[in-house]
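One letter stands for each residue in the lines below.
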Amino acid sequence: MRARQGGVRSWGRALAAAATVLAAVVVAVPATSASAAESGVTAHSITIGATVPLTGPAAPGYSEIAPAMNAVFDWVNAHGGVHGRKIHYLYLDDQYNPAKTATLTRQLVLQDSIFADVGSLGTPTQTAVQGYLNAEKIPQLFIESGCNCWSDPKYPYSFGWQPPYTIEGKILGAYVKQHFAGEKVGFLYQDDEFGQDFVKGADMELPASSIVSRQSYDAATLSGPLANQVAALKAAGAKVVMMATIPAATALAMLPAAAIGYQPQYVVSSVGADPPTVGPLLASFTAKGGGSAAEAKATAALLKGLITFAYAPPENQTANPWVQVSRKLLQKYAPSLWSSAGLDGNTEYGVALAYTFVQALQAAGKNLTRAGLLKAIATDGHKFVTPGLVPLSYSSSVHFGYEGGEVVQLSSSAPPAVTPTGSWIGATPLTGVETTSPGAGPIEKYHGGSSKPPSALLRTA
Amino acid sequence: MAGQPLVRHLVLALAAAAGFYLLTSVLSPYDNFQVGEIAAYAVALAGLSVLTGVNGQISLGHGALMAVGAYSFGLLMTHTQLNLMVELLAAVGLTTVLGIAVGIPSARLAGPYLAGVTLMLALGLPLLADQYSSTFGGDQGLTITPPAAPGSLDPERWLAWIQIAAALVTIVLLANLLRSRFGRAFRAVRDDEVAAELAGIHVGRTKVLAFAVSAACAGLAGALLVLSTGIVNTGEFPLSLSIDLLAGMVLGGAGSLMGVWWGAVALVYLPQWSTSVAGSLSLGNGVSAYLATVVFGLILIVVMLVAPSGLQGLLRWTGGRLLSTLRWVPASVTALEVRQPANQEKDQESQEKDQESQESQESQESQESQESQESQDKQDRTERSEA
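Here the structure is a predicted model, which means the values were calculated and not measured. (Residues numbered from 1 in each chain as written. Chains lettered and ligands numbered in written order. Predicted model: local features only at pLDDT ≥ 70, side-chain atom pairs only at ≥ 80, totals over all residues.)

### As for the environment of Ala283 of chain A
All names here are of chain A.
Then, number 1: By secondary structure assignment, the location of Ala283 is in helix α10 (residues 275-288).
Then, number 2: Judged by local crowding, Ala283 falls into the buried class, with 21 C-beta atoms found within 10 Å.
Then, number 3: Residues Ala283 and Thr299, 16 residues apart in the sequence, show an inter-C-alpha distance of 6.1 Å.
Then, number 4: What Ala283 contacts, discounting residues up to four positions off in sequence, is Ala296, Lys297, Thr299 and Ala300. (Helix = DSSP H or I, 4+ residues; strand = E, 2+ residues; numbered from the N terminus. Buried ≥ 20, exposed ≤ 12 C-beta atoms within 10 Å, placed from the backbone. Contact = placed C-beta atoms within 7 Å.)

### Points about the nonpolar core
Most often, soluble globular proteins have nonpolar side chains that are buried together.
Then, number 1: Counting residues in each nonpolar core, the largest one holds 254 residues, and the members touching the most others are Val72 of chain A together with Ala42, Val43 and Ala221 of chain B.
Then, number 2: Among the elements that line this core, the one with the most residues is helix α10 (residues 203-229) of chain B, at 17 residues.
Then, number 3: Sequence-distant contacts of Ala42 of chain B, that is, excluding residues within four places in its chain, are made with Ala167, Val260, Trp261 and Ala264 of chain B. (Core = buried A, V, L, I, M, F, W, Y, C linked by C-beta atoms within 7 Å.)

### Details of the packing of helix α2 (residues 29-54) of chain B against α10 of chain B
All names here are of chain B.
Then, number 1: Interaxial distance between α2 and α10 falls to 7 Å at its minimum, and their mutual angle equals 170 degrees. Between α2 and α10, the angle falls in the class roughly antiparallel.
Then, number 2: Each residue belonging to the contact of α2 with α10 can be placed in one class, and the counts come to 20 nonpolar, 4 polar and 1 charged. (Axes fitted to C-alpha atoms, helices over the stretch in contact; angles between N-to-C directions. Parallel < 35°, antiparallel > 145°, perpendicular 65-115°, else oblique. Nonpolar A, V, L, I, M, F, W, Y, C, P; charged D, E, K, R; others polar.)

### Quick word on the packing of helix α8 (residues 181-191) of chain B against α10 of chain B
Residue and element names in this part refer to chain B.
Then, number 1: Relative orientation of the contacting elements α8 and α10 amounts to 110 degrees, with a least axis distance of 10 Å. Between α8 and α10, the interaxial angle falls into the category roughly perpendicular. α10 is crossed by α8, and the crossing has left-handed handedness. For the pair α8 and α10, the contacting residues are Phe182, Ala185, Phe186 and Val189 in the first and Val203, Thr206, Lys207, Leu209 and Ala210 in the second.
Then, number 2: Per-class residue counts for the contact of α8 with α10 are 7 nonpolar, 1 polar and 1 charged. (Left-handed = near helix turned anticlockwise from the far one by under 90°.)

### Remarks on helix α12 (residues 321-333) of chain A
Then, number 1: Between its first and last C-alpha atoms α12 of chain A spans 18 Å; for 13 residues at 1.5 Å apiece the expected length is 18 Å, and the two agree.
Then, number 2: Restricting attention to buried positions, one finds in α12 of chain A the residues Trp322, Val323, Val325, Ser326, Arg327, Leu329, Leu330 and Tyr333 of chain A. (Expected span 1.5 Å × (residues − 1).)

### Thoughts on the domain arrangement of chain A
Many structure descriptions define interface size as the accessible area lost when the parts assemble.
Residues and elements named next belong to chain A.
Then, number 1: For chain A, the domain assignment lists domain 1 (45-164 + 318-404) and domain 2 (166-313 + 406-460).
Then, number 2: Placing a centre on the C-alpha atoms of domain 1 and another on those of domain 2 gives a separation of 24 Å.
Then, number 3: Contributing elements (two or more residues each) for the side of domain 1 that touches domain 2: α2 (59-62), α5 (123-135), α12, α13 (335-340) and α14 (345-364).
Then, number 4: Split by residue class, the side of domain 1 that touches domain 2 holds 22 nonpolar, 18 polar and 3 charged. (Domains from an automatic or database assignment.)

Written as structure tokens, this is what we have:
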């Protein structure tokens, strides 16, 4: 029995030590003192946070958005902040993994006591924390995703920003129906709400008989060429391939297609069609696959003729005042980002989104509360000046941002973009600006024109 | 006879529960959230520790078994309105069934082949979730609403309590199991299958049982993790998790039920610490994302070199050395424990037995209630021959 006692004693020490270990570990971390009610805001500062992919499959391109947003906040802070409050922006790397998002979002809310979650990226990632943020009454603002799920009365604290994917699918689908009448159409989509919502929109417009193949991939397991999917699309004889793909997936589909001599008309969601993002990916995947430098460079030609959707002025329109302002802001307040990425679709997106948030803060007034901020977005959101081709749609019932844009085609005839990555290709509008709703509503021409940057921004940026 | 350790385990668990209660009362919500995660990982590591450390089977598929528990729990939470306890137990039950199904063919395999089969599990199961995305929610997974905390209790503290309670109950049950006939059979099979069979132990059945117990723990751990994050998703259970679990188990000390706490702390805090270190040194994103893996690997190498019986073994040794400077009695014991040969991992438990019997001899020499000692020794012998 002594023998057993020895065993049990050590086991007892074990449990006792367990508590000690944990105590030692956590004592090092100071307990948060701010109250849960309106944490993250003082007379001189606002702390906001986000989870974004800085590494992992979705990082190429998307990792630029949060630093670009920070450039806008630095510009605001350099000019005294909003109502005297400087914006402190914490963005953490969730690697586009919803499990990481769930943990990091709790870190932001519970440990860093953020006032609001602003500019977090991704559909699977943000749906993972939508319930939590709403339960904690933390605004989940301007989510970088076009999921239909953001405008849901069940989740009053969530606001989307970019056009719902269903709207992109509808407008692009209507274009295909009109200009590629009678052609066989195939889908390649990411198997989550991003891809499914896009396909849903395209299905609303296209005759069911024209769809010959529906291929999908999983973002979580995206690691190599989508050769099987592309081969299936080719075998089905699809002349038009509509894609709801992240930039890496766009490249991983185009390369095997080119390898088997398959040249369909690509019609790609705005998510995966930014030339300065996809172009370098095409080149780097080719180089990693053993291609020569010349072959890698030649792959950029695959993007020529690609049809996509735009809801902000293409970044190669250097005469556009928004493009000029964004360039100046990045040059001055994010020099390292400027030298690595310049103004591409992602940095332009980040600047526009951050500027939307700054206006929301201005509209919320001096006495900043979460309820006040949400009310300001719902009542004044449609008046915010942003680079968008259409105004923001926010109201008490609509939590989508832009609900329209135009169909554009990538071509080498447009003025070349001016990014350090040497992007050579620009976008030419094919249609006028159109608006619609994610539901069954019709697609309508938009005649309102877009807003100009305020003079303060032009002057000081 | 069996009652005595049970009572001791219960008393100790209650003491630990009291300690945890005090701990969770002073911690901030986020720290409680992490203590809950630690408890969840401790459950998985305890199961793995029994499987590998005590029974000698290697599993590279425990991440997948956790996923099975998590998805079962997630589906039950979404589609039923049962009591939380019932749902947790159902998730454990389903994972155990799978554990038995995997365990039966695996009982015929050993070493790398067993690792291969379980690795296949880790690779294959997540694909199943993607394949049947209408049931399992595809990439996005399932979102659940965690049970509301009673009264004005902080939700994180409430969840941490549930997770800690589950971990303590599991560890008490495992500790009792290991001190029972089954525990001895596990060790006997690990040490020498032929000898175990000659002693009348059904080797195959014992291995399947160990695998089932370990799968049950993994299933519970998966369900407990879902409780804190509110989502079930394949991204939560990548292949690397299975390997991290194995590393965490070895780090704490294979076969040690205390060591699992060290391993669990490392699994939860290491990624965070290394990210903040990388941030403060302003290393690039590419570095900071993978620094945790590198640091984990380095710690593992150092631990294996310095303390092959894991951090818990090292702690026990240090504690023994401190005691030996105060008293002479345990000195020889601790010295023995430290000077285990390099291949002692396999023999560790049997050596511990030797030490323990030596310890009892020593105490006999000290003539302290000699009579009862003798009768207990007899009991021990009969138990061993039973096994």
